[in-house]
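Coordinate inspection notes
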Amino acid sequence: MTTASPHTPESAVDAFVRVDRVARTAADLVRVDTRNPPGRESAAVPVLLDLLGAIGCDTEVFTSGGGRPSVLARYGTGAPGRPTLLINGHVDVVPVVEADWTTPPFDAVVRGGRLIGRGAADMKGGIAAAVEGLRACLDAGLAPDADIVFHLVADEETGGAHGTAALVDAGLVRADACIVPEPTGLRVAVAERGSWQARIEVFGTAGHGGEPALGRSAVADAARITTALHLARFHDRPHPLLGSPTCNVAMVRGGVAANVIAPACELTIDRRTLPGESADDVYASIVRVIEASCPDVDHRVLPTFFCEASELPLPHPFADFVDTCRPRPSTRTRSRVAPDEGFIGLSLGSDARFLRNRLGIPTVVYGPGSIEQAHGADEWVGIGDLTLAARTFARAIAGFADFVAQADNGRVSPSRQTGRQL
Ligand SMILES: [Zn+2]
């Protein structure tokens, strides 16, 4: 079958993207309460199965060991050798503080060109845009010469162990390339920072508060560690899109009474990481800073969390391909937004890290809405952004087979993986 060229300014599939339909799909998804915690993704399963089944996808439900469901769908034959484009989106959303909202968070109210609701930006709007992209291709009579696979997963917001990581562990993720439709303001994100968190226990010697020099204050020692770590420079090689690693001393707790020298104090730190830094690397960097600045302080560093950074190293043909598929901003927006060219990095993590780091699948993050609109009260996504994103997905889906055939002599992915599995 023919495929539309994504390289034409106005792709043949653009006209088949329907604003009303993508907005309705996004609203239908927002209305399903999938808050995590506790992890209510199962409520979305029937909606997703209906949505994807109705456009001709084979669907199945994968349930993690923890009983959390992800919906897997494939449009295409799954025949060996067919290019496979994966769209990975999470269906869980973060909790809400309902008192802060001006509309009920799961009512999906449309006001002033915005769809308002928990998950509208992060990332049910993105999922709706990707599905609309496939529907537009089919309506245009351009059934893609590639398999289009959707993994609509659980548990991204609390680490992904029951979602994308579980799918990877089960050997169910095979694709030539992947788009994760998290909110990026319609930019193509190719890198993201990771996070390493720890508690630092600081030990002192209690004594009478009237003679502070006679004991050893853990609060005073924790203050020295805080000063050393907070805003510390960990190395001199900033990442071109992610900048330098940072450390935020986020919490402090210590002491027992106003008239007692503090015998113990505890810090909670969050060290943001760059691609290539392991948990051991980061731990060593923290110990180095403390040892250099306050070697006499009695303390213990207890790592509590690690989510690694990831990137699709540039230049990469798939990043260029998705960027080329983006409709350029209209004159309506061009005058009031910053130059809209070039790739971006994200200061937060997404499930893209599992696909990039564990499977080597070329993965970009691209979607409608911005991260500033996510997680807060009155979360929203612009209906116009949904439409622009859907056009990008339509072009990417229509053009993916040609892209794979042409790019890098057909080798998009270092290890080309296709198969019947969803
Ligand atoms: Zn998200």
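Residues numbered from 1 in each chain as written. Predicted model: local features only at pLDDT ≥ 70, side-chain atom pairs only at ≥ 80, totals over all residues. Heavy atoms only, no water.

What follows concerns the overall build of the protein chain. Each helix and strand in the protein chain was counted, giving ten helices and 16 strands. Its C-alpha atoms give the protein chain a radius of gyration of 24 Å, within 12% of the compact-globule value 22 Å for 422 residues. When its C-alpha atoms are laid out on the principal axes, the protein chain stretches across 85 × 50 × 50 Å. For the protein chain, the residues scored as buried account for 55% of the 422 residues in total. Nonlocal contacts in the protein chain, meaning residues at least 24 apart in sequence, comprise 80% of its contacts between residues at least 6 apart. Taken as a whole, the protein chain presents about 17,200 Å² of accessible surface, with 53% of it coming from carbon and sulfur. With 40 positive and 50 negative side-chain charges, the protein chain shows a spacing of 2 Å between the two charge centroids. (Helix = DSSP H or I, 4+ residues; strand = E, 2+ residues; numbered from the N terminus. Rg over C-alpha atoms; globule rule 2.2 N^0.38 Å. Buried < 20%, exposed > 50% of the residue type's maximum accessible area, 1.4 Å probe, protein only. Contact = heavy atoms within 4.5 Å. Areas by Shrake-Rupley, 256 points an atom, 1.4 Å probe, with all protein chains shown as cover. Lys, Arg positive; Asp, Glu negative; His and termini not counted. Charge placed at Lys NZ, Arg CZ, Asp CG, Glu CD.)

In the contact formed by helix α1 (residues 19-30) and helix α3 (residues 120-139), the axes pass within 8 Å of each other and the chain directions differ by 140°. By the angle class used here, α1 and α3 are oblique. Of the two elements, α1 crosses α3, and the hand of that crossing is right-handed. Residues R21, V22, T25, A26, L29 and V30 of α1 touch α3, and the partners they reach there are A120, K124, G125, I127, A128, A129, E132, R135, A136 and D139. Taken together, the residues that form the contact of α1 with α3 break down as nine nonpolar, two polar and five charged. (Axes fitted to C-alpha atoms, helices over the stretch in contact; angles between N-to-C directions. Parallel < 35°, antiparallel > 145°, perpendicular 65-115°, else oblique. Left-handed = near helix turned anticlockwise from the far one by under 90°. Nonpolar A, V, L, I, M, F, W, Y, C, P; charged D, E, K, R; others polar.)

With that settled, consider the domain arrangement of the protein chain. Domain boundaries assigned for the protein chain yield domain 1 (2-192 + 309-411) and domain 2 (194-307). Taking only C-alpha atoms into account, the centre of domain 1 sits 38 Å from that of domain 2. Contacts between the two partners involve 13 residues from domain 1, matched on the other side by nine residues from domain 2. In total, domain 1 and domain 2 occlude about 770 Å² of area from one another, counting both sides; carbon and sulfur atoms represent 66% of this. Summed over the three residues of domain 1 that lose the most area to domain 2, namely A309, E311 and R353, the buried surface amounts to 48% of that side. The interface formed by domain 1 and domain 2 includes zero salt bridges. Counting the contacts that link domain 1 with domain 2 gives two residue pairs in polar contact (both at pLDDT 80 or more). Only β8 (189-192), β13 (310-311) and β14 (344-346) provide two or more residues apiece to the side of domain 1 that touches domain 2. (Domains from an automatic or database assignment. Buried area = accessible area lost by both parts, 1.4 Å probe. Salt bridge = Lys/Arg side-chain N within 4 Å of Asp/Glu carboxyl O. Polar contact = N/O pair within 3.5 Å; in protein donor to acceptor, adjacent residues only side chain to side chain.)

Glancing now at the pairing of strand β9 (residues 194-203). Of all ten residues that make up β9, seven are buried, and the element is covered over most of its length. Here β9 pairs with strand β11 (residues 264-273) via ten bridges, running antiparallel. Following the sheet pairing, V202 is matched in β11 by C265. Strand direction decides the pairing type here: β9 and strand β12 (residues 299-307), joined by eight bridges, are antiparallel. Its bridge partner lying in β12, I200 is registered against V301. (Pairing = 2+ DSSP bridges.)

When you line up the elements, R35 lands in the loop between α1 and α2 (45-54). If we ignore the near neighbours within four places in the chain, the residues touching R35 are R40, V93, V94, P95, V96 and F106.

To continue, consider the coordination of the zinc ion. Every protein donor of the zinc ion is listed here as H90 (NE2), D122 (OD), E182 (OE) and E182 (OE), and their distances to the metal cover 1.8 to 2.7 Å. Around the zinc ion, the four donor atoms sit at angles spanning 52 to 140°, and that spread fits a shape best called irregular. Site description for the zinc ion: donor spacing in sequence, H-x31-D-x59-E. Of the two residues, H90 sits in strand β3 (residues 84-90) while D122 sits in helix α3, which places them 32 residues apart along the sequence. (Donors = N, O, S within 2.8 Å, 3.2 Å for Na, K, Ca; no water. Tetrahedral: all angles 85-135°; square planar, octahedral: opposite > 155°, others 65-115°.)

What follows deals with α1. An α-helical turn contains 3.6 residues, so any two residues separated by three or four positions project in the same direction. The terminal C-alpha atoms of α1 lie 17 Å apart, and with twelve residues this matches the ideal 16 Å at 1.5 Å per residue to within 8%. Considered for burial, the residues of α1 that qualify are R21, V22, A23, T25, A26, A27, L29 and V30. Structurally, α1 contributes buried residues whose contacts are with α2, β5 (114-116), α3 and α10 (383-406). (Expected span 1.5 Å × (residues − 1).)

The subject of this paragraph is the pattern of salt bridges. Evaluation of the coordinates by the stated rule reveals 28 salt bridges. Salt-bridge contacts for E132 lead to R135; the nearest nitrogen and oxygen are separated by 3.5 Å. One end of the pair is E132 and the other is R135, both in helix α3 and three residues apart, which spans about a single turn. Of the two residues, E132 and R135, both sit in the buried class. With its nearest N and O atoms 3.0 Å apart, the salt bridge here joins R199 to E266. With R199 in strand β9 and E266 in strand β11, the pair connects residues that are 67 residues apart, well separated along the chain. For R199, a relative accessible area of 30% corresponds to the partly exposed category. On the accessibility criterion, E266 (16% relative accessible area) is buried. One salt-bridge network, in which partners are shared between bridges, spans R199, E201, R253, E266 and R300.

Attention now moves to α10. Between its first and last C-alpha atoms α10 spans 34 Å; for 24 residues at 1.5 Å apiece the expected length is 34 Å, and the two agree. In α10, a bend of some 50° at F400 exceeds every other bend along the element. The buried fraction of α10 is high, at 18 of 24 residues. (Bend = angle between axes of the 7 residues up to and from the residue.)

So, about the environment of T363. Assignment of secondary structure puts T363 in strand β15 (residues 363-365). Sequence separation between T363 and L312 is 51 residues, and the spatial gap between their C-alpha atoms is 6.5 Å. Apart from the residues lying within four places of it in its own chain, the contact partners of T363 are C178, V180, L312, A352, L355 and R356. A distance of 2.8 Å separates a polar side-chain atom of T363 from the backbone oxygen of I361.

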